[in-house]
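Tertiary structure, described
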Amino acid sequence: MNARPGQRLQSVQSPHILSSLVLAICLAATAVLWLGARADAERDARSEFEMQVRVLHNNLDQRMRIYAQVLYGVQGLFTSSERVSRDEFHTYLAGQHLQQHFPGIQGIGYMALLAPQQLDAHTEQVRRSGVAGYRVHPAGLRDWYAAITYLEPATVANARAIGFDSASEPLRRAALEQARDSGLPALTARIRLVQELEQEAPVQAGFLMVLPLYRHGAPVATVEQRRAALTGWVYAPFRMDDLMAGLGGPRASGFDVEIYDGSSLSSANLMYDSQPDDLQRSRVSQQQFPVAGRSWTLQISAAGSNASGERKATLLGLAGMLFSALLAGLTFQLAHSRVRARAAQSYAEMLAGDLREREQALLALASEEQRSQATIRSILDATMDGILVEDPQGEVLNVNRRLREMWHLPEHLDWLTDGAALRVHMAQQLRPPVQAPLLVPSPDYRAGWPAEGELSVLHLRDGRVIEQHTRQLQLGSMAARLHSFHDITERTRAMQREQTRRQVLELLATGAPLQTILEGVVRGVEAGNEDMLCSVLLREGDSDHLLVGAAPSLPVFFNAAVHGQALSDMPGPCSQAVQQRRRIIVADIANTPELGDYRVQAMQAGLGSCWADPIFGASGNVLGAFAIYHRSPRLPGMAHITLIEQAAQLAGIAIEQARAAQALRAGEARFRSLYDHAPVALWEQDWSGVRQALNELELTGIDDLAGYLQAHPAQLDYLAAQVRIVDVNAAGLAQVGARADRQDLAQLTLEQNFDAAARPNFALALAALVKGQHIFSCEGSFRRLDGVARRNELTLLVMPGHGHSLDFLIVSTLDTTERRRMHDELHLLATTDALTGLPNRREFMRRLEEEHSRLQRAPEPPASVLLLDVDHFKRINDEYGHPAGDRVLQQLAERMNAGRRKIDMLGRIGGEEFAMLLPATALPAAELMAERLRARVADTPMQLADGVEITVTVSIGLARLAAAEAQGAQALSRADQALYAAKRAGRNRVLLAQDEGRLA
């Protein structure tokens, strides 16, 4: 029972049945795909047809809209002018190039609306315009006429239409009335154009598009208004075949396009047929096409079938049948091969069972051996040293995990069967020249070997240092040799670092040059790594250039090429390390073309690799780069990375220490040079004696030291005598008149800084410095050695660390005698009127604002402002000359100055105007003073230079200086108004300003 389903499955999987089943399925799938391909081809053809129909419909609609716009343009021509002449009409349309841009249109014309009584006048007018033999036809009496008056272009065919009455024909008349009543473009039904002749073949169907014209300014809102305002029409005649020419493009050549007037598809309404012959139509589309108030019917047909799509479907069916046959044949071959493989599998299973039995026996024997080997392996792998055991013939018996890690043995290296390959791999990692033997086999290695073994030190290319210990070993009855390897890199590096560090510190302590110190760092690294060539490049401050600090082992021409190069011009590892602030490794210089010229120079110097590390200062700034070169391409190991980091750190410390010492020495030299050559007088003084004397005074309990010293001049003179002049620069000697060779230095005392008149400032300086101030500035006077007294400015600076003892002060002095004299003269010139000697306007306004500020703080006592102007001063200048006018102003200033109080302020405001500020003076008293001044001027004639006397009068305006006002200038403005009021009142009088009561 259970075997039957398996048997049925095997019968189905027989080669013949299975291949037949695959063939049937593939043929069925091919049929489905073939039917789908035909349906897709038909759908694509239908979509293409519908798209072309839409394109044709849109093109025709766009063309008719354009023609309507052309008529609107002509309508605009008539609307913009009272009358359009034939020449103007021709000129306008000639620029449109109708036949070139608008296919199908026969021309653009103008129809004049005429009543029967207007025919004769109209005919005569047209003939006078140049149309000989013009007449309106056909003849006959009608209610109104629509005579074609203008028609462009002026062809022979269009000439036949001139004078034709379009209202005489019902179809044309209907379109004219429609356009007249609607005010929009209108189309006629199918007509035969007047331009067509009977003998001309073929005769095309035609139509007119008309647009009404109305009188200027006439209302056209209703039908009645439009009929009353109508003056004519502009129109365009069309031939259908010409209109449709090229409309659908090349892809529409396979379509039959038919256009009918209206909705009836009768031959009487047929206006256009692109293919008059009957065709087999596979697809037809009918659409209503509204145009200018009329409806056309478009019928578009596509002839033939989709041959391309059917060919694709046929090819798909043939390809499917061929593929079905091939797949059925392949299935037959696979099924037949499977039957044969099943028989082979049964035989293999029998053999596998026999092998499994034998394998179990072998595994039982090897299990015990594996346990013992695992124990030995665990012990070896747990050691910290690398272990290698070999037999007398040099065959490797065992290595532990630490040795594989230490010597970087690759996984693919078969060290058990190929001991020579292991030796080669280990020897390649040694740094030449090799100083100690490594795993050298010997046929009689027992002879000459010490019992304790042999000890040697190995230097690897990656910078590590390994100690090798080789000794004899007896493994059962077989002699062997055991090599143990211990990594002593850190111990060796520590010794080298300590030695280099001591050497650098000794150089720093002795003040050796920076280059010598850096060479010590470089040689210390090279001493422990003979295949390395090291260099130190320095970056000067924040500059973009690198200088060779030390590179004793590199060629001279290479150092010269690198020295002073800009970072941007030197694409080498050192410049990159400085710019990018990180380590740069170039393992193979020759195969790194992006290094540019640096690569060429390095290859000429015989350099194969370069490792560069930036040298950082304590503040994180980049001081330069430390570089390690090799003659051959080389990648750094971890020991090398540690070495270059430590070397860069040591170089950074050395650079900063050396530069600090150099900067200190340079600073001292610069200070000495600055001190000696400074243009300012500098005095080095010792006030320690003053400090001791002040300590004794403080014991007496003095609180106000400056006040005490100024009250006791003798004590102040005693303290001044305790100041010791230590040194003076050249500017100081010249300032006090001492000899430049310092022969007069012993004669210099504090008198040359603070003379007797300036001793109070010396007291203030003492008090400030004793309180802890480190700098004090003041003005004073001094006495030269020749006894001349001069003015000066002093700055006393207590040097850092000497604030308590006051034993080191730098005093700078500046002779300000000439500057103070010039300042006083300039101040006098800036504040005084040159003609009268009185304060000028700026100085008077400053004093006025000061008095106004006082009043705002304390309104009592009050103050007043007086403004005075010379009457008819221009007449004096004109009659006697300007020198006489100047003489009058000078005498007026003298009289005003003679009668003023000490607290009064005079000023010349400008020209012949003078002002007087009267502090502590109320208006009544000020008015009395002004009146006395006016009378004194009027009663005393002015004396001119030639003895002539003239009488001068003045007008005076008076105002109170009010604290309530924002500025004192407002009081002067009010006094000015009162002054001009006095002049208008007849001159030679005093008037008070208005609104004085309001400001009181």
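Given the structure is predicted, the values throughout are model-derived calculations rather than measurements.

Criteria and cut-off values
Residues numbered from 1 in each chain as written. Predicted model: local features only at pLDDT ≥ 70, side-chain atom pairs only at ≥ 80, totals over all residues. Heavy atoms only, no water. Pairing = 2+ DSSP bridges. Helix = DSSP H or I, 4+ residues; strand = E, 2+ residues; numbered from the N terminus. Patch = residues over 30% accessible without salt bridge, like charges linked within 9 Å, V, L, I, M, F, W, Y side chains within 5 Å. Areas by Shrake-Rupley, 256 points an atom, 1.4 Å probe, with all protein chains shown as cover. Salt bridge = Lys/Arg side-chain N within 4 Å of Asp/Glu carboxyl O. Core = buried A, V, L, I, M, F, W, Y, C linked by side-chain atoms within 4.5 Å. Buried < 20%, exposed > 50% of the residue type's maximum accessible area, 1.4 Å probe, protein only. Contact = heavy atoms within 4.5 Å. Axes fitted to C-alpha atoms, helices over the stretch in contact; angles between N-to-C directions. Parallel < 35°, antiparallel > 145°, perpendicular 65-115°, else oblique. Left-handed = near helix turned anticlockwise from the far one by under 90°. Phe/Tyr/Trp six-rings, centres within 6.5 Å; stacked < 30°, edge-to-face > 60°. Expected span 1.5 Å × (residues − 1). Polar contact = N/O pair within 3.5 Å; in protein donor to acceptor, adjacent residues only side chain to side chain. Disulfide = S-S within 2.5 Å. pLDDT = per-residue confidence, 0-100.

1. Describing the pairing of strand β12 (residues 454-459)
- Strand direction decides the pairing type here: β12 and strand β13 (residues 465-475), joined by 6 bridges, are antiparallel. Residue pairing across strands places Leu-458 opposite Ile-466, the latter belonging to β13.
- Here β12 folds back onto β13, and the loop between the two strands holds 5 residues, one of which, Gly-463, carries a positive phi near 95 degrees.

2. Some points on a nonpolar patch on the surface
- Taken together, the side chains of Leu-23, Leu-27, Leu-315, Leu-318 and Met-321 define a hydrophobic patch exposed on the protein surface, amounting to about 450 Å² of accessible area.
- Of all elements in the fold, only α2 (15-79) and α10 (307-382) reach the threshold of two or more residues within the nonpolar patch.
- Examining the composition of the nonpolar patch, we find that 3 residues originate from one element, α10, more than from any other.
- Relative to the elements of secondary structure, Leu-318 occurs in helix α10.

3. Let's talk about the environment of Tyr-347
- Position of Tyr-347 among the secondary structure elements: in helix α10.
- In sequence terms Tyr-347 and Leu-482 are 135 residues apart; their C-alpha atoms lie 52 Å from each other.

4. Focus on the nonpolar core
- One finds Met-64, Phe-89, Ile-108, Val-210, Met-240 and Trp-296 to be the most contacted residues of the largest nonpolar core, which totals 76 residues.
- A total of 12 residues in this core trace back to one element, the largest contributor, which is α2.
- Apart from the residues within four sequence positions on either side, Ile-108 is in contact with Val-70, Leu-71, Val-74, Phe-89, Leu-93, Leu-98, Tyr-150, Leu-151, Glu-152, Tyr-235 and Ala-236.
- Among the nonpolar cores identified, the runner-up in size contains 37 residues, and Trp-683, Leu-733, Phe-782 and Leu-809 belong to it.

5. Here's the deal with the pairing of strand β6 (residues 255-261)
- The buried count for β6 comes to 7 of 7 residues, which makes it a mostly enclosed element.
- Residues Phe-255, Val-257, Ile-259 and Asp-261 line one face of β6 and the alternating positions Asp-256, Glu-258 and Tyr-260 line the opposite face, and both faces are buried.

6. Describing the pattern of salt bridges
- What the rule picks out here adds up to 37 salt bridges.
- Notably, a salt bridge pairs Glu-124 with Arg-128, separated by 3.8 Å at the nearest N-O pair. One end of the pair, Glu-124, and the other, Arg-128, are both in helix α5 (residues 119-128), 4 residues apart, so they sit about a helical turn from each other.
- On the accessibility criterion, Glu-124 (41% relative accessible area) is partly exposed.
- For Arg-128, a relative accessible area of 61% translates into the label exposed.
- Between Arg-227 and Asp-181 there is a salt bridge, with its nearest N and O atoms 2.7 Å apart.

7. Overview of the packing of helix α21 (residues 713-721) against helix α23 (residues 759-770)
- Remark: α21 packs on α23, axes separated minimally by 11 Å, with the N-to-C direction vectors making an angle of 70 degrees. Considering their axes alone, α21 and α23 lie roughly perpendicular with respect to each other. The element α21 and its partner α23 pack so that their crossing is left-handed. Taken together, the residues of α23 that come into contact with α21 (itself represented by Leu-716, Asp-717, Leu-719 and Ala-720) are Arg-759, Pro-760, Phe-762, Ala-763 and Leu-766.

8. Details of the packing of aromatic side chains
- Enumeration according to the criterion identifies 14 aromatic pairs in this entry.
- Judged by centre distance (5.1 Å) and plane angle (35 degrees), the ring pair of Tyr-67 and Phe-238 falls under tilted. Remark: Phe-238 occurs in strand β5 (residues 230-239) and Tyr-67 occurs in helix α2; sequence separation between them is 171 residues.
- Pairwise contacts between aromatic rings join Tyr-67, Phe-207, Phe-238, Phe-289 and Trp-296 into one cluster.

9. A few points about unusual backbone geometry
- In this model, His-137 is joined to Pro-138 through a cis peptide bond whose omega is 0 degrees.
- Summarising the element assignment, Pro-138 is placed in the loop between α5 and β2 (145-152).
- Despite not being glycine, Ala-292 shows a phi value in the positive range, around 50 degrees.
- Tracing the backbone shows Ala-292 in the loop between β8 (281-291) and β9 (294-303).
- Given the relative accessible area of 22%, Ala-292 is considered partly exposed.

10. Notes on helix α7 (residues 170-182)
- Spanning 13 residues, α7 covers 18 Å between terminal C-alpha atoms, matching the ideal 18 Å at 1.5 Å per step.
- Every buried residue of α7 is listed here: Arg-172, Ala-175, Leu-176, Ala-179, Arg-180 and Asp-181.
- For α7, the secondary structure elements touched by its buried residues are β1 (108-114), β2, β3 (186-187), β4 (206-214), α8 (223-229) and β5.
- Two to three positions downstream of the cap, the backbone nitrogen of Leu-171 sits 3.1 Å from a side-chain oxygen, assigning the N-cap of α7 to Glu-169.

11. With respect to the environment of Leu-892
- Note that Leu-892 resides in helix α27 (residues 882-898).
- Discounting residues that sit within four places of it in the chain, Leu-892 has contacts with Leu-868, Val-870, Phe-914, Val-937, Met-942 and Val-954.

12. Regarding the sheet that holds strand β23 (residues 775-783)
- The antiparallel open sheet is built from 5 strands, whose spatial order is β22-β21-β25-β24-β23. Whereas interior strands pair on both sides, the edge strands pair on one side only; in this sheet they are β22 (724-728) and β23. On average, each strand axis in the sheet is tilted by 30 degrees relative to the strand beside it, whichever way the strands run.
- Sheet topology places strand β24 (residues 789-798) next to strand β25 (residues 809-815); 7 bridges connect them, and they run antiparallel. Residue Thr-795 lies in a different strand from β25, and its bridge partner there is Ser-812.
- The strands touched by α23 within the sheet are β23, β24 and β25, with β23 carrying the most contacts at an inclination of about 155 degrees.

13. Comments concerning the state of the cysteines
- As enumerated under the stated definition, the model contains 0 disulfides in all.
- There is no disulfide at Cys-610, and the cysteine sulfur nearest it, in Cys-574, is 4.9 Å away.
- The class for Cys-610 is buried, based on a relative accessible area of 0%.

14. Details of the confidence of the model for the protein chain
- Scored by pLDDT, the protein chain comes out at a mean of 83, with 92% of its residues at no less than 70.
- Below pLDDT 50 for its whole length, residues 442-449 participates in 15 contacts with residues either more than four positions away or in separate chains.

15. A look at the sheet that holds β2
- The strand order β2-β1-β5-β4-β3 describes an open sheet built from 5 strands, whose pairing is antiparallel. Each edge of the open sheet carries a strand with a single partner, namely β2 and β3.
- Relative to β2, α5 is tilted by about 10 degrees, and along the sheet it contacts β1 and β2.

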